[in-house]
Amino acid sequence: MTMNSQRRSKLKNLIDNVPPGFIVDAVWLRGRGIDSKSIHGYVKRGWLEKLARGVYRRPLPTLSVPTPWEWQMPLISIQSIMGYGVHLGGLSALEFHGYSHYLRLGDDPDIYLYGDVPPWLGRLPVKTRFIVQSRSLFGDDTTGIENEDDELATETDKDSGPTVSPWRWPIKISSPERAILEALHDLRGEAGFDNLNMVFQGLTTLRPGNLASLLSLCRSVKVKRLFFVFADRHSHSWLKYLDKSAINFGSGPRALVKGGRLHPVYRIYVTEELLPSSERVEGTHHV
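Bear in mind the structure is a predicted one, so any value in this text is a computation, not a measurement.

Caption draft 1: Fine view of the side chain of Glu177. The topology assignment puts Glu177 in helix H6 (residues 176–185). Judged by its relative accessible area of 1%, Glu177 is buried. At 2.8 Å, the side chain of Glu177 and the side chain of Arg207 are in polar contact. Look past the residues within four positions of Glu177 in its chain and what remains in contact with it is Leu206, Arg207, Asn210, Leu211 and Leu214.

Caption draft 2: Main features of the pattern of salt bridges. Counted according to the given criterion, the structure contains seven salt bridges. Where Lys244 meets Asp232, a salt bridge forms, and the shortest distance between an N and an O atom there is 3.2 Å. With Lys244 in the loop between helix H9 (221–234) and strand S11 (261–262) and Asp232 in helix H9, this pair connects stretches of sequence that are 12 residues apart. With relative accessibility at 28%, the residue Asp232 sits in the partly exposed group. Between Arg261 and Glu272 there is a salt bridge, with its nearest N and O atoms 2.8 Å apart. Of the two residues, Arg261 sits in strand S11 while Glu272 sits in the segment after strand S12 (269–270), which places them 11 residues apart along the sequence. Classification of Arg261 as buried rests on a relative accessible area of 5%. Looking at Glu272, the relative accessible area reads 28%, which means it is partly exposed.

Caption draft 3: Main features of the pairing of strand S5 (residues 111–115). Most of S5 sits inside the fold, with five of its five residues counted as buried. Where strand S4 (residues 86–88) meets S5, three bridges bridge the pair, whose relative direction is antiparallel. The residue of S5 that forms the bridge with Val86 is Gly115. As judged from the four bridges shared by S5 and strand S6 (residues 130–133), these two strands associate in the parallel manner. Looking at the pairing, Leu113 lines up with Val132 of S6.

Caption draft 4: Layout of the packing of aromatic side chains. Applying the stated criterion across every chain, the model contains 10 aromatic pairs. Aromatic side chains Phe22 and Trp169 sit 4.8 Å apart centroid to centroid with 50° between the ring planes, which places their arrangement in the tilted category. Of this pair, Phe22 sits in the loop between helix H1 (3–17) and strand S1 (23–25) while Trp169 sits in the loop between strand S9 (161–163) and strand S10 (170–174), and the two are 147 residues apart along the sequence. With relative accessibility at 24%, the residue Trp169 sits in the partly exposed group.

Caption draft 5: Seen up close, a positive patch on the surface. Residues Arg7, Lys10, Lys37, Lys44 and Arg45 make up a contiguous surface patch of positive charge. Secondary-structure elements contributing two or more residues to the positive patch are H1 and helix H3 (36–44). If you trace the backbone, Lys10 turns up in helix H1. On the basis of relative accessible area, Lys10 is assigned to the partly exposed category, the value being 32%.

Calculation criteria
- Residues numbered from 1 in each chain as written.
- Predicted model: local features only at pLDDT ≥ 70, side-chain atom pairs only at ≥ 80, totals over all residues.
- Heavy atoms only, no water.
- Helix = DSSP H or I, 4+ residues; strand = E, 2+ residues; numbered from the N terminus.
- Buried < 20%, exposed > 50% of the residue type's maximum accessible area, 1.4 Å probe, protein only.
- Polar contact = N/O pair within 3.5 Å; in protein donor to acceptor, adjacent residues only side chain to side chain.
- Contact = heavy atoms within 4.5 Å.
- Salt bridge = Lys/Arg side-chain N within 4 Å of Asp/Glu carboxyl O.
- Pairing = 2+ DSSP bridges.
- Phe/Tyr/Trp six-rings, centres within 6.5 Å; stacked < 30°, edge-to-face > 60°.
- Patch = residues over 30% accessible without salt bridge, like charges linked within 9 Å, V, L, I, M, F, W, Y side chains within 5 Å.
- Areas by Shrake-Rupley, 256 points an atom, 1.4 Å probe, with all protein chains shown as cover.
- Lys, Arg positive; Asp, Glu negative; His and termini not counted.
- Charge placed at Lys NZ, Arg CZ, Asp CG, Glu CD.

Function cannot be inferred from these measures alone, as they are strictly geometric.
Structure representation (structure tokens):
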């Protein structure tokens with residue numbers, strides 16, 4: 001094979017494996033035989049766009065659909081193109097699943113990712129702030145991580161007819177059952193309690209079988225106790241199908257909120273509002 005044939009083959013491989021709008025980095029490109037000189041040439045010829053040092057995007061065609069740039073494209077690219085073990089989870093997954101009505105989010109909410117990400121993710125020129133967490137809550141177990149299609153689908157342009165979005169790729173994302181446990185694990189401060197209390201209000205359709213599996217895998221005693229503090233408070237219909245006797249709640253009290261009060265059932269210090277109604281006036285069990 002001649003040098004030109006090899007170059008054409010590598011370029012074809014790039015085009016075949018990286019759809020327009022998707023992102024790759026220099027490490028990924030070099031792993032496919034595309035050296036720094038070739039990368040520079042691809043950028044010069046408009047076959048790649050440089051986004052940050054060592055990070056490139058295949059140029060977008062002119063489409064009538066919106067560009068899911070802020071977080072979808074980076075996430076799908078590192079999941080599906082570069083093969084990183086990371087998923088959308090916690091509050092971000094709950095929003096994706098339609099619980100944004102119950103979340104107090106700003107115009108540019110933080111995006112919660114769980115797992116491994118490339119070091120350049122935080123350097124991308126986007127408004128979104130990526131919050132990267134470990135998967136320590138469930139270890140290597142991927143129960144509750146699902147593939148969901150992004151909502152960006154076929155759009156119709158009045159002049160050119162149907163236009164298929166190139167971004168119709170699945171996103172690895174926590175199910176609502178896993179996401180609420182991740183969000184509880186990330187809980188910080190009293191404002192977070194108020195937010196999650198609102199979220200729990202809307203969690204009417206959680207699947208008890210999925211919850212039971214995830215609660216048995218959950219490595220945090222605090223998360224399991226706190227989950228039932230909220231669950232008891234809202235008494236959704238799925239609660240009666242969970243066998244609490246099968247769950248390891250650990251022993252001894254757990255401190256979570258400075259100046260909080262000890263929950264009489266789950267032995268964890270929480271805000272006053274999360275105590276049973278009979279406990280909210282009397283009692284002085286402060287941390």
